[in-house]
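Structural overview
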Protein chains: 2
Amino acid sequence: MHSFEVLAGDFVKRFNRAHFPSSLPSLYDPAEYFLSIGGKRVRPVMCLMGNELFGDIGNEAWHVAEAIELFHNFTLIHDDIMDNAPLRRGKPTVHTKYNMPTALLSGDVMLISAYDSLNALSEKHLHTVVALFNKTAREVCEGQQLDMNFEKLVTVPMEDYIHMITLKTSVLLAGSLQMGAILNDASEEDQKHLYEFGKNLGIAFQVQDDYLDAFGDPGKFGKQPGGDILANKKTFLLIQALATANTSQKQALEQLLNNNDPKKVEKVLQLFRDTRVDEWAKSLKNRFFDLSLEHLDRITVDNNRKEPLLSLAQFLIQREY
Amino acid sequence: MHSFEVLAGDFVKRFNRAHFPSSLPSLYDPAEYFLSIGGKRVRPVMCLMGNELFGDIGNEAWHVAEAIELFHNFTLIHDDIMDNAPLRRGKPTVHTKYNMPTALLSGDVMLISAYDSLNALSEKHLHTVVALFNKTAREVCEGQQLDMNFEKLVTVPMEDYIHMITLKTSVLLAGSLQMGAILNDASEEDQKHLYEFGKNLGIAFQVQDDYLDAFGDPGKFGKQPGGDILANKKTFLLIQALATANTSQKQALEQLLNNNDPKKVEKVLQLFRDTRVDEWAKSLKNRFFDLSLEHLDRITVDNNRKEPLLSLAQFLIQREY
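Residues numbered from 1 in each chain as written. Chains lettered and ligands numbered in written order. Predicted model: local features only at pLDDT ≥ 70, side-chain atom pairs only at ≥ 80, totals over all residues. Heavy atoms only, no water.

Structural notes on the overall build of chain A
Put simply, the rule is: In DSSP terms, a helix is any run of H or I states spanning at least four residues, a strand is any run of E spanning at least two, and both are numbered starting from the N terminus. Radius of gyration here uses only the C-alpha atoms, and the compact-globule reference equals 2.2 Å multiplied by the residue count raised to the power 0.38. Burial classes follow relative accessibility: with a 1.4 Å probe on protein chains only, a residue under 20% of its type's maximum area counts as buried, one over 50% as exposed, and anything between as partly exposed. Only heavy atoms enter the contact rule, under which two residues are in contact if any of them lie within 4.5 Å. Counted as positive: Lys and Arg. Counted as negative: Asp and Glu, with His and the chain ends omitted from the count. Each charge is placed at NZ for Lys, CZ for Arg, CG for Asp and CD for Glu.
Tallying secondary structure elements over chain A gives 16 helices and two strands in all. Whereas a compact globule of 321 residues would reach a radius of gyration of roughly 20 Å, chain A reaches 20 Å, a difference of no more than 12%. Its C-alpha atoms give chain A principal-axis dimensions of about 60 × 50 × 35 Å. For chain A, the proportion of its 321 residues judged to be buried stands at 59%. Counting only contacts in chain A whose residues sit at least 6 apart along the sequence, the fraction spanning at least 24 positions is 74%. For chain A, the centre of its 34 positive side-chain charges and the centre of its 43 negative side-chain charges are spaced 4 Å apart.

Shown next, in the form of structure tokens:
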């Protein structure tokens, strides 16, 4: 069994190479640039861990891991265009560094390359893996569309928001794990529990991310809190606050959303505390995290095989607060 | 053997259905809208014809034909964003009717759906067809990038321009034919000639398209000539004119490109005639057309099996002028 660090290191060693021909730098340099600015490579490692849960890591798992990472980067390039984002991982986004049409096209060729990696699979699992890959890919697009739809609404029901987060963030974690499992012939029941483990872990992670953006310790979190608040971004906290605030709290919150009060972050955080969404978020995160662990528990392999996934989950979801 | 009309009719009957779930209209309605505005469906029919050249049309050919048409429409949606085009086939483009982010995403889900259609293939040909599909898809993206690069240049060598047109237009015709041939187990030699038939036919078609935009009979061509000239679009005619004009002709042409002379179309057409690029274009078109027919001729099946492809080629490339 291998830890996240070992698998991520091995994956990066394989992945850090030219992925595109050198024949047309105006198209392929932007694509290579984006792949070179890094990322934690969590999704491909989840594919490898899902694979190792049921046996030795096979050659095919590395191909699928690569396809997943290429797909993930494709979505980031296109999301950055749609969201008009200037930076990604502290570096200029592709449409900022180059231009929009080139960013669009380099995303397209990256998605096509993902299918090249999948095409390296042998016949045994090709159809099943591609079907799950396509389903997941479509859902990620749906998540992005819902996210854009929701940004135009004043209020969003919590259930719908969780559905959007599930599509936009969780299904790729879940699908990555399941694709790895398929390649080592896991039973459908085990595949299902592994998928649910990843899905619920992803939601817990997003709740935590929203919490930390509001209440995180800048020393540990690495950035000043309140970025989401300043951007009026819909988060678990804001949606729950709007849903549970009393009339005067709600009025105050809506006023803050519509103005550029210099003390906006401070005042919104106080309203979050007044409506107790800080406590609520902690318990929501723990609820999804516990659910994910229950599914991990129900997978019919020895507990020691689950160790790397458990460690990764615990690393991603800090229970310290 | 079936004619273009019959195959196109059959294809349209199968293709005219909902391709996406009804669950998220904000994403999928734009995709369905674009598929519904039609098109001649030349590429999927070429796949069917390439298939029938070597046997009966099999079920798998219909799936690949569908994948090809979905891919083609994906490229059009994204090209329209990149080219800032307001209309396609006389109807509003997706980013005009809806918005840019939704157009981008609906293109993405269309490409993913193309791979769903390919995933319906049986193991026998899946790897080979997907490999050719991916190669072709990548080349079409390269063609679009080159096209955008060239629009920023003053002059483009004819050889480079033909290369761009080959990638942007011809390889998908060629690849469609070859994918059909692969599915009926054509020999590699026959596949190669069929591919070259499609490739050269595509170039001949583009030369003709450029010629008709300048010199076409408005009655037959359906629109006023000179659209490319007014848009300063790089065409076979303009590139050849710039390359072969004498100093004063070149100066006059460059001046017309940089100004909005009310008689621009008329004057550029006169310069095209003076530099004899009208005659040159006819002979260039015939050269590529003849080359395509030579390759068709060398395919080792009975001539009567080639009849539909020959008719289609003759229909696409009118030799009347």
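Details of unusual backbone geometry
In most cases, non-glycine residues show a negative phi, while peptide bonds are predominantly trans. Even without a glycine there, the phi angle at Arg-41 of chain A is positive, about 55°. Inspection of the secondary structure puts Arg-41 of chain A in the loop between helix H2 (25–36) and helix H3 (42–52). One non-glycine residue, Asn-84 of chain B, adopts positive backbone phi at about 55°. Its place among the elements puts Asn-84 of chain B in the loop between helix H4 (59–82) and strand E1 (87–88).

Considering the interface of chain A and chain B
Defined as follows: Two parts placed together each lose some accessible area under a 1.4 Å probe, and the buried area is that loss summed for both. Throughout this description, the term salt bridge denotes a Lys or Arg side-chain nitrogen within 4 Å of a carboxyl oxygen of Asp or Glu. Polar contact criterion, stated in full: a pair of N or O atoms within 3.5 Å, where within protein one must be able to donate a hydrogen and the other to accept it, and residues adjacent in sequence count only if both atoms are side-chain atoms. Three classes are used, and their members are as follows: Ala, Val, Leu, Ile, Met, Phe, Trp, Tyr, Cys and Pro are nonpolar, Asp, Glu, Lys and Arg are charged, and the others, Gly among them, are polar.
Counting from both sides, the interface comprises 42 residues of chain A and, opposite them, 42 residues of chain B. Both sides together, the interface formed by chain A and chain B hides about 3,600 Å², and carbon and sulfur atoms give 65% of it. Together, Ile-112, His-127 and Arg-138 of chain A form the three largest contributors to the area buried by chain A at its contact with chain B, with a combined 17%. In this assembly, chain A and chain B are joined by two salt bridges. Between Arg-138 of chain A and Asp-116 of chain B there is a salt bridge, and its shortest N-O distance comes to 2.8 Å. Counting across the chain A and chain B interface gives 16 residue pairs in polar contact (both at pLDDT 80 or more). Listed by contribution, the elements that provide at least two residues to the side of chain A that touches chain B are H2, helix H4 (59–82), helix H6 (100–118) and helix H7 (123–151) of chain A. No other element matches H7 of chain A, which puts 15 residues into the side of chain A that touches chain B. Along the lines of polarity and charge, the residues of the side of chain A that touches chain B split into 23 nonpolar, 13 polar and six charged.

With respect to H4 of chain A
Residues that lie three or four places apart on an α-helix share one face, since the helix turns once every 3.6 residues. Residue and element names in this part refer to chain A. To keep it simple, the criterion reads: Here the expected length of a helix is defined as 1.5 Å per residue gap, with one fewer gap than residues.
If you check H4, its first and last C-alpha atoms are 35 Å apart, about what 24 residues at 1.5 Å a residue would give, namely 34 Å. Of all 24 residues that make up H4, 22 are buried, and the element is covered over most of its length. Directly after H4, the chain includes Asn-84, whose backbone phi takes a positive value near 55°.

Here we look at the nonpolar core
Formally: Here, nonpolar core means buried Ala, Val, Leu, Ile, Met, Phe, Trp, Tyr and Cys residues that are tied together by side-chain atoms lying within 4.5 Å of each other.
Judged by nonpolar contacts, the single largest core of 226 residues is most densely connected at Phe-236 and Phe-272 of chain A together with Phe-236 and Phe-272 of chain B. Leave out the neighbours within four places in its chain, and Phe-236 of chain A touches Met-158, Tyr-161, Ile-162, Ile-165, Ile-203, Gln-206, Val-207, Asp-210, Trp-280 and Leu-284 of chain A.

A word on the packing of aromatic side chains
To describe a pair of aromatic rings, one takes the distance between the centres and the angle between the planes. Basically, it comes down to this: Between rings of Phe, Tyr and Trp, where Trp is taken as its six-membered ring, a pair exists when centres lie within 6.5 Å; planes separated by under 30 degrees are stacked, by over 60 edge-to-face, and by other angles tilted. Sitting over a ring, as applied to charges here, requires NZ of Lys or CZ of Arg to be within 6 Å of the ring centre and within 35 degrees of the ring normal.
Under the defined criterion, the tally for this structure stands at 19 aromatic pairs over all chains. With a centroid separation of 5.0 Å and an interplanar angle of 20°, the aromatic rings of Phe-11 of chain B and Phe-15 of chain B are classed as stacked. Taken together, the residues span about one helical turn, with Phe-11 of chain B and Phe-15 of chain B both in helix H1 (residues 4–15) at a distance of four residues. Side by side, Phe-11 of chain B and Phe-15 of chain B carry an identical accessibility label, which is buried. For the pair Phe-71 of chain B and Phe-133 of chain B, a centre-to-centre distance of 5.6 Å together with 70° between the ring planes defines the contact as edge-to-face. With Phe-71 of chain B in helix H4 and Phe-133 of chain B in helix H7 (residues 123–151), this pair connects stretches of sequence that are 62 residues apart. Comparing Phe-71 of chain B with Phe-133 of chain B, the two get one shared label, buried. Here the aromatic cluster, defined as three or more aromatic residues joined through ring pairs, consists of Phe-71, Phe-74, Tyr-115 and Phe-133 of chain A together with Phe-71, Phe-74, Tyr-115 and Phe-133 of chain B. One Lys or Arg, Lys-97 of chain A, reaches over the ring of Tyr-33 of chain A and ends 4.8 Å from the middle of that ring.

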